[in-house]
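# An overview of the molecular structure
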Amino acid sequence: MRTKHTFRLPPELAGQLADYACRKRVPQALVVETALSSFLSLDSSERAEAALGRRLDRITRQADRLERHLAITNEALALFIRFWLTATPPLPDTAQPAAQAKGRERYESFVEALGRRLAKGQTLAAEILQDIQATKE
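In short, a report on the structure. Model, not experiment: these values are computed from the prediction.

Parameters at a glance
- Residues numbered from 1 in each chain as written.
- Predicted model: local features only at pLDDT ≥ 70, side-chain atom pairs only at ≥ 80, totals over all residues.
- Heavy atoms only, no water.
- Axes fitted to C-alpha atoms, helices over the stretch in contact; angles between N-to-C directions.
- Helix = DSSP H or I, 4+ residues; strand = E, 2+ residues; numbered from the N terminus.
- Parallel < 35°, antiparallel > 145°, perpendicular 65-115°, else oblique.
- Contact = heavy atoms within 4.5 Å.
- Nonpolar A, V, L, I, M, F, W, Y, C, P; charged D, E, K, R; others polar.
- Phe/Tyr/Trp six-rings, centres within 6.5 Å; stacked < 30°, edge-to-face > 60°.
- Buried < 20%, exposed > 50% of the residue type's maximum accessible area, 1.4 Å probe, protein only.
- Salt bridge = Lys/Arg side-chain N within 4 Å of Asp/Glu carboxyl O.

## Some words on the packing of helix α1 (residues 11-24) against helix α2 (residues 28-40)
Orientation of α1 relative to α2, taken along the N-to-C sense of each, is 105 degrees, at an axis distance of 9 Å. Viewed along their axes, α1 and α2 adopt a mutual orientation that is roughly perpendicular. Contacts between α1 and α2 pair L17, A18, Y20 and A21 from the former with Q28, V31 and V32 from the latter. Across the contact of α1 with α2, the residue classes break down as 6 nonpolar, 1 polar and no charged.

Below, the structure is given as structure tokens:
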């Protein structure tokens, strides 16, 4: 048994209701009944809050991983720069042009290798973890 209710809707909302019901090929009364049921259900707000909480937790874990990877990358770069600066002796002026040419050649090779590595999807973090596991074994 159903109870009949009469209510008035603003013209814009009535138009949206009619359009939606027509697109979905369902009666307008069913759309209104489903919307009211969803709106008045106590569980729907709790479910939405739980889903939002799960999403926020996932985003937090992703941000933590990004922060960890960034810290590893920064430390690796800083260590390399420190080693390079302390181990590389200055060149005499006569050797500068040859060293610069060799540097450009090495840089081009580096960029190509980086492009290949990124295309394959390899990451330094994964490689470091593999190296650590291999060392432990």
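Picking up where we left off.
## Focus on the packing of aromatic side chains
According to the stated counting rule, one finds 1 aromatic pair in the structure shown. A ring pair is formed by Y107 and F110, whose centres lie 6.4 Å apart and whose planes are at 35 degrees; its orientation type is tilted. Taken together, the residues Y107 and F110, both in helix α4 (residues 96-120) and 3 residues apart, mark about one turn of the helix. Residue class for Y107 comes out exposed when judged on its relative accessible area of 54%.

## Points about the pattern of salt bridges
Overall, the coordinates contain 3 salt bridges when judged by the stated rule. Residues E33 and R2 are paired through a salt bridge, measuring 2.9 Å at the closest nitrogen-oxygen approach. Remark: R2 occurs in the segment before α1 and E33 occurs in helix α2; sequence separation between them is 31 residues. According to the relative accessible area criterion, E33 is partly exposed, its value standing at 37%. Among the ionic pairs, E127 bridges to R117, the shortest N-O distance being 2.7 Å. Residue E127 is found in helix α5 (residues 124-136), and its partner R117 is found in helix α4; the two are separated by 10 residues along the sequence.

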